[in-house]
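Coordinate analysis (summary)
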Amino acid sequence: MRLLVVLMLFAVVPAMAQEAPATAETPESIRKRNETDQRVYQLAIRYNDMAVARTKLMELIERNPTNSRYGELLATLYFDTNQFSAAALSALDVLQINDRSIEALEIAAYSLEQIGALDRSLTQFERLYLLTDDIFALYKSAYLQFSLKKFDEAMNSINMLVKNAKSAEEKLGFPISDTENQEVSMRAAALNLKALVYVEQGSKEDARKAYQEALALEPDFKLAKDGLNDLN
């Protein structure tokens, strides 16, 4: 009996040892681990080892859940390698921590568009425009509103673009062949989009006028020329 009790005690001790809580990391130990992981991440980027770079960023995110910068870097890595679903998810996670992260908003907006989540992409572009006053974000909002058949909203965004002084100066590129792009002013592009809205609504004369206004600004604008010819 005495031997049995001793054996039972030996069996209990390891179990109790396993259940003992792990010692919490000190701020200093966390700082040192962060510095090590950051160095490894930088080396991985230098050597183009994206798998290691992503792993180190994930470890940094897990250890520093309120630091949005690591999430922004991870979302950027996914986006730059065309992993748009992962880029969108990681960017949206960042926005849960910092809803004013411009980098995360951009990545989320473009990635969601790439995977066909146009409604959610539109929300991010609209927020991006409100935070930055970037007229390209406003143009993307207008285009997505048009694509989603939200014509009243699209027309409102287009009119804002046309009235914006910067739209006469900033350029937007459109493919005109497999190897060539054509740059036109953002204002001309907005007027071309306005014509497309009118076409969808069955207002051919209004569409014709919008195409002509676009061509008055950019006489060689191929998309506007083609659209106008299609009305004849």
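In the block above lies the structure referred to throughout.
Cut-offs and rules
Residues numbered from 1 in each chain as written. Predicted model: local features only at pLDDT ≥ 70, side-chain atom pairs only at ≥ 80, totals over all residues. Heavy atoms only, no water. Salt bridge = Lys/Arg side-chain N within 4 Å of Asp/Glu carboxyl O. Buried < 20%, exposed > 50% of the residue type's maximum accessible area, 1.4 Å probe, protein only. Helix = DSSP H or I, 4+ residues; strand = E, 2+ residues; numbered from the N terminus. 1 Å grid on protein atoms, 1.4 Å probe; cavity = no way out; pocket = protein on both sides within 12 Å on 5 of 7 lines; lining within 4 Å. Points joined across faces, edges and corners; volume = space filled by probe spheres on them. Axes fitted to C-alpha atoms, helices over the stretch in contact; angles between N-to-C directions. Parallel < 35°, antiparallel > 145°, perpendicular 65-115°, else oblique. Left-handed = near helix turned anticlockwise from the far one by under 90°. Contact = heavy atoms within 4.5 Å. Nonpolar A, V, L, I, M, F, W, Y, C, P; charged D, E, K, R; others polar.

Concerning the pattern of salt bridges
Here the structure, examined in full by the defined rule, presents 16 salt bridges. Between Glu 25 and Arg 33 there is a salt bridge; the shortest N-O distance is 3.0 Å. Arg 33 gets classed as partly exposed once you look at its relative accessible area, which sits at 40%. A salt bridge links Glu 205 to Arg 208; its shortest N-O distance comes to 3.5 Å. Of this pair, Glu 205 and Arg 208 both sit in helix H11 (residues 204–217), three residues apart, which is roughly one turn of that helix. According to the relative accessible area criterion, Glu 205 is exposed, its value standing at 57%. When its relative accessible area of 19% is taken as the criterion, Arg 208 is described as buried. Salt bridges here are not isolated pairs; linked through shared partners, they connect Asp 37, Lys 56, Glu 59 and Arg 63.

Considerations on the layout of surface pockets
Quantified by volume, the largest pocket comes out at close to 160 Å³. Of all the elements in the fold, those that place two or more residues in the lining of the largest pocket are helix H8 (135–147), strand S1 (171–175) and helix H10 (186–200).

Some words on the packing of helix H9 (residues 151–163) against H10
Between H9 and H10, whose axes approach to 9 Å, the crossing angle comes to 155 degrees. Between H9 and H10, the angle falls in the class roughly antiparallel. The handedness of the crossing between H9 and H10 comes out as left-handed. Only Met 186, Arg 187, Ala 190, Leu 191, Leu 193, Lys 194, Val 197, Tyr 198 and Glu 200 of H10 make contact with H9, whose side of the interface consists of Phe 151, Ala 154, Met 155, Ile 158, Asn 159, Leu 161 and Val 162. Looking at the contact of H9 with H10 residue by residue, the classes come out as twelve nonpolar, one polar and three charged.

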